[in-house]
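# Secondary and tertiary structure notes
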Amino acid sequence: MRIDLTDPRQLRDLLKKYKLWAKKRFGQNFLVDRNILQTIVECADLQEEDTIVEIGPGPGVLTTELLHRTKKVFAVEIDRDIIPVLRETTHFNRDKLTIFNQHVLDFVVPDEPYKLVANIPYHLTSPILRKFLPEAAHRPQSITLLVQKEVAEKICHPQRRSVLSLIVETFGDASIAAIVPASCFFPSPKVDSAILHIAVAKEPRIHVAPRLFFHAVKMGFAQPRKKLKNNLPAALLAASQIDGDLRAETLSIPDWERIATELEKLTLKNSPKNSV
């Protein structure tokens, strides 16, 4: 008989069997809402031939759904204590599941097409998005994550950009599929969550090297509440035709691309090999 992991009572009994509890240091808040689970599955647009990367599967509430609908799942779980629980709940599809007991930032992304679907530790949202977008040798076809509501809203805000929202915008289109109340988790976190979906573009939406582009972005956002002229050299702003009285959050991808291009020119001009 299969355990219903969206039933808090059955989940508690299962964890108790293994003498476990959710670990705060790993950001473990287990989803216990069947409707939200189905929304994640629908949003991810899972197909029978899909390969899935899941981060922090925990006891396997999402993992079991992924295994039921796709070809294979790579589950990245740092907590070695909970892996026996995951093996028990997924034994029906054990041949489809590969478990990696490691930190997600040490995980080597697949060199085949894959989708990223996960209820992630919220403190790792930015590092995870950087790893799977600008830093990835092979980016996913799409990303569907349960993240903190406030973070999802900032990523999707059309007028007030951030370093993280620019990372996402450069590599895809983000949208919020649903807001998820804290009561949908066990134990309940202190904040509400959201299902964030990113349709990843085949190529980045910039014509300069991503490393150079995001170096310029980070310079511009060094003091995000101050005007650009406090963060970037006047010569760079003038060459880029950017008003120094603007704030970084108002600039678009083409604006940052111009800044990155001019930054590279200034760097080459001032390099030792070009000096007299």
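Anything mentioned here points back to the structure above.
Residues numbered from 1 in each chain as written. Predicted model: local features only at pLDDT ≥ 70, side-chain atom pairs only at ≥ 80, totals over all residues. Heavy atoms only, no water.

### Some remarks on the sheet that holds strand E7 (residues 172-180)
The condition that has to hold: When DSSP finds at least two bridges between two strands, those strands are taken to pair. Numbering of helices and strands runs from the N terminus, with a helix taken as a DSSP run of H or I at least four residues long and a strand as a DSSP run of E at least two residues long. For every element, the axis is a line fit to its C-alpha atoms; helices are fit only across the contacting stretch, and the angle between N-to-C directions ranges from 0 to 180 degrees.
Read across the open sheet, the seven strands follow the order E4-E3-E2-E5-E6-E9-E7; overall the sheet is mixed. Lying at the two open borders of the sheet, with one neighbouring strand each, are strand E4 (97-100) and E7. Within the sheet, the average angular offset between the axes of one strand and its neighbour, ignoring direction, is 20°.

### Regarding the pairing of strand E3 (residues 72-76)
We apply this condition: A simple rule labels every residue: compare its accessible area, found with a 1.4 Å probe on the protein chains alone, to the largest value its type can have, and call it buried under 20%, exposed over 50%, or partly exposed in between. Classification remark: right-handed applies to a crossover when, strands pointing away from the viewer, the course from the first strand over the helix to the second runs clockwise.
Most of E3 sits inside the fold, with four of its five residues counted as buried. Note: strand E2 (residues 51-55) against E3, five bridges, orientation parallel. In the strand pairing of E3, Glu 54 is matched with Ala 75. In this region the chain leaves E2, passes through helix H3 (residues 61-69) and returns to the parallel neighbour E3; the handedness of that crossover is right-handed. Direction of pairing for E3 relative to E4: parallel, over a ladder of four bridges.

### Some words on the state of the cysteines
Put simply, the test is: Disulfides are defined in this document as cysteine sulfur pairs within 2.5 Å.
Scanning all chains against the criterion turns up zero disulfides. Cys 156 supplies the cysteine sulfur nearest to Cys 43, a cysteine that is in no disulfide, at a spacing of 11 Å. With relative accessibility at 18%, the residue Cys 43 sits in the buried group. Owing to a relative accessible area of 26%, Cys 156 belongs among the partly exposed residues under this scheme.

### Focus on the side chain of Asn 231
Put simply, the rule is: Between two residues, a contact is recorded if the distance between any of their heavy atoms is within 4.5 Å.
Relative to the helices and strands, Asn 231 resides in the loop between helix H8 (210-220) and helix H9 (234-240). The exposure class assigned to Asn 231 is buried, which follows from its relative accessible area of 13%. Residues contacting Asn 231, with those up to four places away along its chain left out, are Met 219, Gly 220, Ala 222, Gln 223 and Lys 226.

### Some words on the nonpolar core
In globular proteins that are soluble, nonpolar side chains generally tend to be buried together. Our working rule: Side-chain atoms within 4.5 Å link the members of a nonpolar core, which is a set of buried Ala, Val, Leu, Ile, Met, Phe, Trp, Tyr and Cys residues.
Judged by nonpolar contacts, the single largest core of 50 residues is most densely connected at Leu 129, Phe 132 and Trp 256. In this structure, Leu 14, Cys 43, Leu 62 and Leu 97 belong to the second largest nonpolar core, which totals 37 residues.

### Description of the packing of aromatic side chains
In plain terms, the rule: Only the six-membered ring of Trp is used, alongside the rings of Phe and Tyr, when aromatic pairs are assigned; centres must lie within 6.5 Å, and planes under 30 degrees apart are stacked while those over 60 apart are edge-to-face, with the rest tilted. A ring has a charge above it when a Lys NZ or an Arg CZ is no more than 6 Å from the ring centre and no more than 35 degrees off the ring normal.
In total, this model carries seven aromatic pairs according to the counting rule given. A centroid spacing of 5.8 Å and a plane angle of 80° characterise the contact between Phe 74 and Phe 100, whose relative ring orientation is edge-to-face. A residue pair is termed long-range when its members are at least 10 positions apart, and Phe 74 in strand E3 and Phe 100 in strand E4 qualify at 26 residues. Ring geometry for Phe 213 and Phe 214: centres 5.0 Å apart, planes at 90°, overall edge-to-face. In this structure Phe 213 comes out as buried when scored by relative accessible area, which is 0%. Residue Phe 214 is classed as buried on the basis of its relative accessible area, which comes to 8%. Counting every residue linked through ring pairs, the aromatic cluster contains Phe 74, Phe 100 and Phe 107. When the ring centre of Phe 26 is taken as reference, the NZ or CZ atom of Arg 25 above it lies at 4.6 Å.

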